[in-house]
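Read off the chains here:
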Amino acid sequence: MEEKNKIGVYICHCGSNISDYVDVEKVREEVAKIKHVSISKTTMFACADATQNEIVQDIQENDLDAIVVASCSPKLHLDTFKNVAERAGLNPYNYVQINIREQCSWAHSDKPVQATEKAIQLVKSGIARVGYSEALIKTKISAENVVVVIGAGVSGMRSAIELADLGSYVYLIEREYFVGGRVSQWGELFTTNETGKETISRLYNKLIEYKNITLFTGAEIISNTGTVGNFDIQVKIRPRYIKPGCKVDPEKLQRVIDACPVEVPDEFNFNLTTRKAIYKNFESEFPEIPAIDPDHCTRCGECEKLCDDIDLGQKDEFVNIKAGAIIINTGYDPYEPKTGEFGYKEIENVITLPQLKRLIELNGEELIYKNKRIQNIGYIYCVGSRQKDGENKYCSRYCCTSTIYTAIVIKNKFKDIHNFHFDKSIRTYGKLELLYREASENGDIFLQFWDEDPPVVSSNGNGTVVSIKDMLSSGKEIEVDCDLVVLVTGMVPRQDNKIADILKAPIGRDKFFNEIHPKLRPVETVIDGVLISGACQGPKNISESVKSSLSAASKANSLVKKGEIELKPTIAFIDKNACVWCDECVKACPFDAIIKVQSNGKNVAEIIEAKCKGGGMCLPVCPENAINLKGYTDNEMEAMITALAD
Amino acid sequence: MSKLNPKLVSELQCYGAKEFSACYNCGNCTAVCSLASENNEFPRKMIRLSTLGLENEIESSLEPWLCYYCGECSSTCPRQAEPGELMMSLRRYLTARYDWTGLSKRFYTSEIWELGAIFLLAAFILVMFIFFHGPMTTELTAESGVKLNTFAPWKTIEIGDWIMAALLGFFLLSNIFNMYLKVIVRNKNIKIPIKLYLTTLWDLAFNFATQWEFSKSENKTKIAGKQFNISPYWIMHWFLMSGYVLMLIMIMVFLGWFQTDNIYEWWHPQRLLGYYATFGLMAGLIYFFYNRIKKEQESGKHSHFSDWVFIVLLALTTITGILVHFFRIYGLPLPTYYMYVFHLMVLFPMLMIEVPFSKWSHLAYRPFAIYFAKVIKAAEKVNSKD
Ligand SMILES: Cc1cc2nc3c(=O)[nH]c(=O)nc-3n(C[C@H](O)[C@H](O)[C@H](O)COP(=O)(O)OP(=O)(O)OC[C@H]3O[C@@H](n4cnc5c(N)ncnc54)[C@H](O)[C@@H]3O)c2cc1C
Ligand code: SF4
Ligand code: SF4
Ligand code: SF4
């Protein structure tokens, strides 16, 4: 590496933020004595436009080969001065920022002499580091303008449409045989009163208009090799056993369904009913053609006898896709209460909110459950959410509103209904508050309980009773007769979450997918090119899910649309001569960015540039010290330490 | 353990409280109500009991009687749940609960029952007069008065008065006794030494006579720029009450002196007292009509059917009374007789319905509630000393 002998150093007053306590002139005098420093200046505000221009001029006129700015935290202005260097034609990695505000003047305002001394040492160490800095160039890789969207729930479908509009090619991959996800199960939805089916139909009809969206149903990703820009994805498509050209005739379909001898619990109705092996959850479901569930079908052939469009000979298909980015939209599962939790599965008229939603859809004029007409309904909130001791620590967000909304719907739809809400405190945030008000004005009764004193569901000879210590009457013990007890269950991550392993997508402590930064980078994951949105990221209602799915769509598109992706140069590199292939670094890397290659006739480790995040986990584990991090090389770090220790 | 009763909410709506389901228990009403104390979150507590339908707890509560509808709570409530109106409705509800005959509940919750009873009682008076009235002479007495005592001899009327008074007294007192059973006897937590009933008796008498608690209402009177710590509501209420009581005493106890055929000079006490009572009644009536029509004060914003029945009956009684007086003074025999019959046709149902079963009974329940509350408080003090 060529030695740097024309270093420019700038020491900032920061108005008086620094110069009140640090004697900046003295710092300048001290560093000016260093051999390779050819320019040293103090400045009132280093970040001011005029100063920036002055630095550019200095670099150009004096042909400086590196600069150091001693000012505030690099978090504030690292990029500012990198840009200054770039404008002057200097490689931005030949710039070092030293923080003498937070670390000197502010931290030691009671000891100005020592603060100045510390500033001198820090600036010296910066000069020492920059002496070893290397000019680094960002690498560029090609990127397919293709995005794979996993999950065709409301978020996935919305992402797909948006991406197609923005000009990307989209593969929408849905595990079930039908699109829509959870939303198609819910009937009327809060804030729009539209039904789930209507919402999904609207999206589906729009989706099929696009030539640049391919939808696979009954499909799952089984492997990925490849990285951002060039994911290499294999999809397995299970057979539907129905020929694609099938024109559905509802009457005939019913005959075929009747003929099927296999009857299994219907998960779409949360096991309230049963279905046949050949099924369609509701008439207007998409795609229009039915499906045969291969896990339960016995291949008896009864249906084939009645319909030519059925083909039990169909086999699994495999498709390979090259994609630039991936959006995970796999949604959530409703929490399944444990047996005995508030009488669930022990007392016969205890059900969950998702079951109630289905029950409303399945009933006509009257609300009937287990042959009994329902009038008094008790809702127990936060079941499986806000658990003090359990796994699900926080609020599921959607459920207060959904329960209150459902209670309103039930009251309007059926006669003589009384709703009793046993809650932990109602969280109908924002505009949703109006629903809470409507429900109370309807005469719904809200009884709040203490965390440590949850309501008790019991059955006496005549029926089911919920007992509660009512917070609002200072703990008075109240008994409420209920014909139906509804457990308001929260959202939990999908039980089958293999996709997380396949894509190495990070999972948080709550087991939902985890973003990089909840505020500033809410849909990106630490795996470049893998984005998350919708309820797979944590509890969300539909508006929130769709907002995040739109943001993921635009993020994905902006990543791949240029056809190439710039990568950060500050990544690890391995000295192949030193490497003895002990495998330690591979184990340490959380991103699978290290692979084994052959070099000069021996096995050595190599970094996959597109995968490495420059985290540096591999550095300390290497027994041969063969790994270095660009921009933070051993030489640079050691030079800093030596300068500080001087 | 108490059982929640979801039906009470709609029942209370019949008694007038339409909005209290909107309450979200913020407690603002309790923060502003002068009756609330550290361990009595009034009126929020009563709202909660009503929402949950805990009838026994409500039945044994005295608090609704201590509230004089200053309306602070209603104007402060962020949900417009009208807590003050619920307290008013609870007073009606309690009146119905104390009344063992069940009539009060019918009158409060059914317009047909209330109007039916009025017409029935009016018809009774009419029938009595048709069959038993004295000669309708058009001759005038020597002092040029109409011979009212020939048409309706005061002695006969007085007998009727007493029968009516006995009935009213019986119903009212038995209802008060029922109230006593519900708030004190059934309350197992409290033992009350007999002595206390006597030592607090003064409060009962004082409040009965003055209904003093009304004066504590937040609305103050301004006269000639000066602020007085007495509410106009109380003043008008007192006018009305004193006129009413005076009139009642004159017709119940001194009817022979009050209902004369002679016409005295204007300064004669018989006429002066009569005029005062009439003036008090009219002034009070006008104020209350105004309050209910203008709806400026919280207490006048909501009018239950029974409120209007009461005001209209009282107004009719007063106006017909005035007309009887003037027809007599101006020597118009037939109009006097007819008006007299009409007067009694309004007066009788008004007293029979309002005194034991409806609004007038509140005038008895309130002082008793204050009295019982004092007794309970004193007993708690004694008990805590033991
Ligand atoms: C009882 C109840 C009532 C609700 N009511 C309302 C309401 O009224 N209003 C409202 O705004 N919100 C409501 N919600 C919330 C709403 O359901 C969610 O916001 C919404 O479903 C989130 O959509 P999503 O697409 O992220 O997830 P999902 O709806 O769960 O869709 C995910 C999709 O991904 C598919 N999938 C999963 N794993 C894979 C895989 N590995 N490969 C391929 N595909 C996969 C699934 O099959 C599914 O189709 C309610 C929730 C519940 C539980
Ligand atoms: S939204 Fe309501 S019911 Fe759901 S977890 Fe949060 S507080 Fe509980
Ligand atoms: S102020 Fe209104 S909402 Fe608040 S507790 Fe009182 S009645 Fe309820
Ligand atoms: S009207 Fe006045 S006294 Fe009655 S509850 Fe409301 S604030 Fe209290």
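The rules behind each value
- Residues numbered from 1 in each chain as written.
- Chains lettered and ligands numbered in written order.
- Predicted model: local features only at pLDDT ≥ 70, side-chain atom pairs only at ≥ 80, totals over all residues.
- Heavy atoms only, no water.
- Helix = DSSP H or I, 4+ residues; strand = E, 2+ residues; numbered from the N terminus.
- Buried < 20%, exposed > 50% of the residue type's maximum accessible area, 1.4 Å probe, protein only.
- Contact = heavy atoms within 4.5 Å.
- Areas by Shrake-Rupley, 256 points an atom, 1.4 Å probe, with all protein chains shown as cover.
- Expected span 1.5 Å × (residues − 1).
- Polar contact = N/O pair within 3.5 Å; in protein donor to acceptor, adjacent residues only side chain to side chain.
- Near = heavy atom within 4 Å.
- Nonpolar A, V, L, I, M, F, W, Y, C, P; charged D, E, K, R; others polar.
- Salt bridge = Lys/Arg side-chain N within 4 Å of Asp/Glu carboxyl O.
- Pairing = 2+ DSSP bridges.
- Domains from an automatic or database assignment.
- Buried area = accessible area lost by both parts, 1.4 Å probe.
- Axes fitted to C-alpha atoms, helices over the stretch in contact; angles between N-to-C directions.
- Patch = residues over 30% accessible without salt bridge, like charges linked within 9 Å, V, L, I, M, F, W, Y side chains within 5 Å.
- Phe/Tyr/Trp six-rings, centres within 6.5 Å; stacked < 30°, edge-to-face > 60°.
- Core = buried A, V, L, I, M, F, W, Y, C linked by side-chain atoms within 4.5 Å.

1. Structural notes on the overall build of chain B
Here is step 1: Counting its regular elements, chain B contains 19 helices and three strands.
Here is step 2: Projected onto the principal axes, the alpha-carbon positions of chain B cover approximately 75 × 50 × 45 Å.
Here is step 3: Looking at chain B residue by residue over its 386 residues, the buried ones come to 53%.
Here is step 4: Contacts spanning at least 24 positions in sequence make up 73% of the contacts within chain B whose residues lie at least 6 apart.
Here is step 5: Surface summary for chain B: the accessible area is close to 18400 Å², and the carbon and sulfur share equals 67%.

2. Looking at helix α3 (residues 74-87) of chain A
Residue and element names in this part refer to chain A.
Here is step 1: Under the 1.5 Å per step criterion, the end-to-end length of α3 is 19 Å for 14 residues, consistent within 8% with the ideal 20 Å.
Here is step 2: For α3, every residue scored as buried is listed here: H77, T80, F81, K82, V84 and A85.
Here is step 3: Elements in contact with the buried residues of α3: α2 (49-62), β3 (66-71) and β4 (95-99).
Here is step 4: By the N-cap criterion, in which a side-chain oxygen at the helix start approaches the backbone nitrogen of a residue two or three places on, α3 is capped by S73, the distance to K75 being 3.0 Å.

3. A few points about the site of ligand 2
Residue and element names in this part refer to chain A.
Here is step 1: Inspection of the region around ligand 2 gives Y381, C382, S385, R386, C395, S396, R397, C399, C400, S425 and R427 as its neighbouring residues.
Here is step 2: At the level of secondary structure, the elements contributing two or more residues to the shell around ligand 2 comprise β21 (376-383) and α11 (399-413).
Here is step 3: For the shell around ligand 2, the residue count by class is five nonpolar, three polar and three charged.

4. A closer look at the pattern of salt bridges
Here is step 1: The full count for this structure, using the stated rule, is 56 salt bridges over all chains.
Here is step 2: Residue E391 of chain A pairs with K511 of chain A through a salt bridge whose shortest N-O separation is 3.5 Å. Here E391 of chain A is found in the loop between β21 and α11, whereas its partner K511 of chain A is found in the loop between α13 (498-503) and β29 (530-532), with 120 residues between them in sequence.
Here is step 3: In this structure, E441 of chain A and R437 of chain A form a salt bridge, with 3.0 Å as the shortest nitrogen-oxygen distance. Here the residue E441 of chain A and the residue R437 of chain A both occupy positions in helix α12 (residues 433-441), the gap between them amounting to four residues, near one helical turn.
Here is step 4: For E441 of chain A, a relative accessible area of 44% translates into the label partly exposed.
Here is step 5: Taken together, the shared-partner salt bridges in this structure form one network comprising E85, R92, R292, D307 and K359 of chain B.

5. What to know about the sheet that holds strand β25 (residues 463-470) of chain A
Here is step 1: In space, the four strands of this open sheet follow the order β24(A)-β25(A)-β26(A)-β1(B), with mixed pairing throughout. Because the sheet does not close on itself, it has two edges, and the strands there are β24 (456-460) of chain A together with β1 (2-3) of chain B.
Here is step 2: Here strand β26 (residues 476-482) of chain A pairs with β1 of chain B via two bridges, running parallel. When the bridges of β1 of chain B are listed, E479 of chain A appears paired with K3 of chain B.

6. Details of the domain arrangement of chain B
All names here are of chain B.
Here is step 1: Partitioning chain B into domains gives domain 1 (8-98) and domain 2 (103-385).
Here is step 2: Distance from the C-alpha centre of domain 1 to the C-alpha centre of domain 2: 27 Å.
Here is step 3: Across the boundary between the two partners, domain 1 contributes 27 residues, which contact 33 residues of domain 2.
Here is step 4: A per-residue breakdown of the area domain 1 buries against domain 2 is headed by L62, Y68 and Y98, which together make up 30% of the total.
Here is step 5: Our enumeration of links across domain 1 and domain 2 arrives at three salt bridges.
Here is step 6: Where K182 meets E59, a salt bridge forms, and the shortest distance between an N and an O atom there is 3.4 Å.

7. Overview of the interface of chain B and chain A
Here is step 1: Listed as interface residues are 20 residues of chain B and, on the opposing side, 23 residues of chain A.
Here is step 2: A buried area of about 1900 Å², summed over both sides, lies between chain B and chain A, and 56% of it is on carbon and sulfur atoms.
Here is step 3: Of all residues in chain B, M1, R48 and R79 of chain B give up the largest surface area on contact with chain A, accounting jointly for 31% of the area buried on that side.
Here is step 4: Between chain B and chain A we count five salt bridges in total.
Here is step 5: With a shortest N-O distance of 3.4 Å, E57 of chain B and K476 of chain A are connected by a salt bridge.
Here is step 6: Across the chain B-chain A interface, the total number found is 12 residue pairs in polar contact (both at pLDDT 80 or more).
Here is step 7: Listing elements by their share of the side of chain B that touches chain A, those giving two or more residues are β1 and α3 (44-52) of chain B.
Here is step 8: When residues of the side of chain B that touches chain A are assigned to their parent elements, the largest contribution, five residues, is made by α3 of chain B.

8. Details of the sheet that holds strand β15 (residues 317-323) of chain A
All names here are of chain A.
Here is step 1: Here we have three strands laid out as an open sheet, ordered β9-β10-β15, and antiparallel in their pairing. Each end of this open sheet is capped by a strand with a single partner; those strands are β9 (219-227) and β15. Adjacent strand axes in the sheet meet at a mean angle of 20 degrees, parallel and antiparallel pairs treated alike.
Here is step 2: As defined by bridge partners, strand β10 (residues 230-237) adjoins β15 across seven bridges and the pair is classed as antiparallel. Bridge pairing links I237 to E317 in β15.

9. So, a nonpolar patch on the surface
All names here are of chain B.
Here is step 1: There is a patch of nonpolar side chains on the surface, built from F124, L126, V127, M128, I130, F131 and F132 and spanning about 730 Å² of accessible area.
Here is step 2: Within the fold, F131 resides in helix α9 (residues 111-132).
Here is step 3: By relative accessible area, which is 62% here, F131 ends up exposed.

10. Focus on the domain arrangement of chain A
Residues and elements named next belong to chain A.
Here is step 1: For chain A, the assigned domains read domain 1 (7-136), domain 2 (146-238 + 316-331 + 497-560), domain 3 (250-306), domain 4 (344-492) and domain 5 (568-630).
Here is step 2: Contacts between domain 2 and domain 5 engage seven residues on the former and six residues on the latter.
Here is step 3: Overall, the association of domain 2 and domain 5 removes approximately 520 Å² of surface from exposure, summing both partners, and the carbon and sulfur fraction of that is 59%.
Here is step 4: Looking only at domain 2, the three residues that lose the most surface to domain 5 are T227, K504 and V526, adding up to 65% of its buried area.
Here is step 5: Inspection of the domain 2/domain 5 interface yields two residue pairs in polar contact (both at pLDDT 80 or more).
Here is step 6: Here the side of domain 2 that touches domain 5 is built from residues that sort into three nonpolar, two polar and two charged.

11. Things to note about the packing of aromatic side chains
Residue and element names in this part refer to chain B.
Here is step 1: Within the structure shown, the criterion is met by 36 aromatic pairs over all chains.
Here is step 2: Ring geometry for F289 against W308: centres 6.2 Å apart, planes inclined by 35 degrees, an arrangement best described as tilted. Within this pair, whereas F289 is found in helix α16 (residues 269-294), its partner W308 is found in helix α17 (residues 305-329), the two being separated by 19 residues in sequence.
Here is step 3: Classification of W308 by relative accessible area gives partly exposed; the value is 29%.

12. Observations regarding helix α14 (residues 232-252) of chain B
Here is step 1: When the terminal C-alpha atoms of α14 of chain B are compared, their 30 Å separation across 21 residues agrees well with the 30 Å that a helix rising 1.5 Å per residue should span.
Here is step 2: Among the residues of α14 of chain B, Y233, W234, M236, H237, L240, M241, S242, G243, Y244, M250, I251 and M252 of chain B are the ones counted as buried.

13. With respect to the environment of S125 of chain A
Residues and elements named next belong to chain A.
Here is step 1: Within the secondary structure, S125 is located in helix α5 (residues 112-132).
Here is step 2: Along the sequence, S125 and V31 sit 94 residues apart, while their C-alpha atoms lie 10 Å from each other.
Here is step 3: With residues up to four places along the chain from it excluded, the contact list for S125 reads M640, A643 and L644.

14. Quick look at the site of ligand 3
All names here are of chain B.
Here is step 1: Surveying the vicinity of ligand 3 reveals 13 residues, the closest of which are C23, C26, G27, C29 and C77.
Here is step 2: Those elements that provide at least two residues to the shell around ligand 3 are α2 (28-32) and α3.
Here is step 3: Partitioning the shell around ligand 3 into residue classes produces nine nonpolar, three polar and one charged.

15. Considering the nonpolar core
Considering soluble globular proteins, one finds that nonpolar side chains tend to be buried as a cluster.
Here is step 1: The biggest cluster of nonpolar side chains holds 124 residues, and the ones touching the most others in it are I380 and F422 of chain A together with F129, M179, I192, Y340 and W360 of chain B.
Here is step 2: Among the elements that take part in this core, helix α18 (residues 333-357) of chain B stands out by supplying 15 residues, more than any other.
Here is step 3: In this structure, F422 of chain A is in contact with G378, Y379, I380, Y381, L447, F449, P455, V466, I468 and V480 of chain A, ignoring residues within four places of it in sequence.
Here is step 4: Core analysis: the second largest hydrophobic core is formed by 69 residues, M157, I161, V179 and L353 of chain A among them.

16. Structural notes on unusual backbone geometry
Backbone geometry follows two general trends: most residues other than glycine have a negative phi, and most peptide bonds adopt the trans configuration.
Here is step 1: In this structure, P287 of chain A follows F286 of chain A across a cis peptide bond, with omega equal to -15 degrees.
Here is step 2: Within the secondary structure, P287 of chain A is located in the loop between β13 (278-279) and β14 (291-292).
Here is step 3: Cis geometry marks the peptide bond from F42 of chain B to P43 of chain B, where omega comes out at 0 degrees.
Here is step 4: Note that P43 of chain B resides in the loop between α2 and α3.
Here is step 5: One non-glycine residue, T191 of chain A, adopts positive backbone phi at about 75 degrees.
Here is step 6: Locating T191 of chain A in the fold gives a position in the loop between β7 (169-173) and α7 (196-207).
Here is step 7: For T191 of chain A, a relative accessible area of 54% corresponds to the exposed category.

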